Amino acid sequence: MLKKILFSIILFYFFVLLQTSFLVHFSIWGIIPNFILILVIFWNFFENSKKFLGLHNALIGGFFLDIFSNRIIGFYILILLAIAVFIKLVIKKHVRIPFIEKN
Amino acid sequence: MFTNFHFGLIWGKIEHNMKFSSKKSKLLIGVLVLILVIFLLNIFQKNVRSFFYSVSAPIQKVLWGVGDRVADFFGAIIKINSLKNELDEEKLENQELLSQIVTLRELKKENKVLREALEIELQKEFKLAFAQIIGKDISQDSILIDKGSEDGISENMPVITQQKALVGKISEVYKNLSKVMLISDKKSSFDAKISVSDEEEKDIPGVVKGKGNFKIMFDLVPREEEVSRGEIVSTTALGGVFPKGLLVGQVKEAKKTDVEPFQEIEIESAFDIKNMETIFVITEF
């Protein structure tokens, strides 16, 4: 678990740097896709609903987004956590996908 | 036997309750710790941000440079046809501009002679500090540059490109880094003028306001004024935010409605964040 969290810290740090410095040059009509948001959504969507790494990832991703934006720290943490919890709840209560259940 | 069964039942219930409450209290403690940590981070946000920025500045610098080159390469491939047309147009425009430069040189000479005759001191050029862009803010229109308080940079200093086009002003200063609020930020507004290029050569004053997402508007121009596409917007010394004569951009579109007392003028900024790598901070003007 600790190894996985460390891995996602490095992953999200790399992604945030990519987004603030590299992807700026590839913006489409001034819009830069938020890869951290996309990653958090996908992770929570495809993770087994009994595991919690997706929530940790939302926390880590939100923290890095907060650091590299002008807003108060906590803004993106809250948003991403809310999204992650929402996805987890919906999937746990209403969705049964066999190949994900096995993981 | 009976008591044993009874005891077991109660014990089971207690255990169940304890399990339930311990899970709940764990969650509660987690949330409380999270709130506390966020609170502490906000108190020390300047130090936290400064630490992360200075650690990642070298990586970001490299990434910015690589991104610039890669985007240039692919952009050129995609736009090869339109670039050809553009080149022809530019060539024509270039010749026109060259002839203008010749006349302007003559005027400059004349101006110099007249100034000497009148003994007016020429306007001093600005003191500039050179800086490199290392990143863009995630949600707002601001960028990070690699010069900070140690290099003599302080808040509210204007930032320009090599071509004297206005980029923004310094909004936050760290030890070796600072944040630049672009003129397209929603919080940015300053005095400027449109120089109309017809025979009268009059100026239309107004206020440039940021709209977010690299968009800027020119506000407070009455409906009666005629503004056409391509006219040049530059700063005025009014308000004291920026020195006068810096290029802001060109008029992109002017909309008039019968309801609004002012026109809605969209400006195309003179700088392009995608192609910028170095900028200048005006430390004295």
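See the structure above.
Only a predicted model underlies this, so the values are computations on that prediction, with no experimental measurement involved. (Residues numbered from 1 in each chain as written. Chains lettered and ligands numbered in written order. Predicted model: local features only at pLDDT ≥ 70, side-chain atom pairs only at ≥ 80, totals over all residues.)

## A word on the sheet that holds strand 3 (residues 158-160) of chain B
The strands that make up a sheet are held in pairs by hydrogen bonds between backbone atoms, and each pair lies either parallel or antiparallel. Residues and elements named next belong to chain B. Formally: Pairing between strands is defined by DSSP: at least two bridges between them are needed. Under the scheme used here, helices are H or I runs from DSSP no shorter than 4 residues and strands are E runs no shorter than 2 residues, and both carry numbers assigned from the N terminus. What counts as an axis is a line fitted to C-alpha atoms, over the stretch in contact for a helix, and the angles between N-to-C directions run from 0 to 180 degrees. A pair of residues counts as a contact when their C-beta atoms, built from backbone coordinates, are within 7 Å of each other.
Strand order in this closed barrel of six strands is 1-2-5-4-3-12, and the pairing throughout is antiparallel. Along the sheet, successive strands turn relative to each other by an average axial angle of 45°, direction set aside. In the sheet, strand 1 (residues 127-136) pairs with strand 2 (residues 142-145) via three bridges, with the strands oriented antiparallel. When the sheet's bridge partners are listed, glycine 135 is paired in strand 2 with leucine 144. The strands that helix 2 (residues 45-78) touches are strand 1 and strand 2; relative to strand 1, the one it contacts most, it runs at about 85°.

## Re the environment of serine 234 of chain B
Residue and element names in this part refer to chain B. Rules: Counting other C-beta atoms within 10 Å of each residue's C-beta, where C-beta atoms are placed from the backbone, gives the exposure class: buried for 20 or more, exposed for 12 or fewer, partly exposed between.
The topology assignment puts serine 234 in strand 9 (residues 232-235). The buried category is assigned to serine 234, around which 21 C-beta atoms lie within 10 Å. Sequence separation of serine 234 and glutamate 266 is 32 residues, and the distance between their C-alpha atoms is 14 Å.

## Considering the packing of helix 1 (residues 2-22) of chain A against helix 2 of chain B
Going by this rule: We call two directions roughly parallel when the angle between them is under 35 degrees, roughly antiparallel when it is over 145, roughly perpendicular when it lies between 65 and 115, and oblique otherwise. Working rule for handedness: look at the near helix, and if it is turned counterclockwise from the far one by less than a right angle, call the crossing left-handed; if clockwise, right-handed. Three categories are distinguished: nonpolar for Ala, Val, Leu, Ile, Met, Phe, Trp, Tyr, Cys and Pro, charged for Asp, Glu, Lys and Arg, and polar for the others, with Gly belonging to the last.
Helix 2 of chain B packs onto helix 1 of chain A with a crossing angle of 50° between their chain directions and a minimal axis gap of 8 Å. Accordingly, the angle class assigned to the pair helix 1 of chain A and helix 2 of chain B is oblique. Crossing hand, helix 1 of chain A versus helix 2 of chain B: right-handed. Between helix 1 of chain A and helix 2 of chain B, the contacting residues are Leu17, Leu18, Thr20, Ser21 and Phe22 of chain A on the first element and Ser56, Ile59, Gln60, Leu63, Trp64, Val66 and Gly67 of chain B on the second. Looking at side-chain class alone, the contact of helix 1 of chain A with helix 2 of chain B contains seven nonpolar, five polar and no charged residues.

## Details of the sheet that holds strand 6 (residues 189-195) of chain B
Residue and element names in this part refer to chain B. Strand order in the closed barrel formed by six strands is 6-7-8-11-10-9, with antiparallel pairing between adjacent strands. On average, each strand axis in the sheet is tilted by 40° relative to the strand beside it, whichever way the strands run. Inspection of the sheet shows strand 8 (residues 215-219) paired to strand 11 (residues 264-269) by three bridges, in the antiparallel sense. Note on strand 11: the bridge partner recorded for methionine 217 is glutamate 266.

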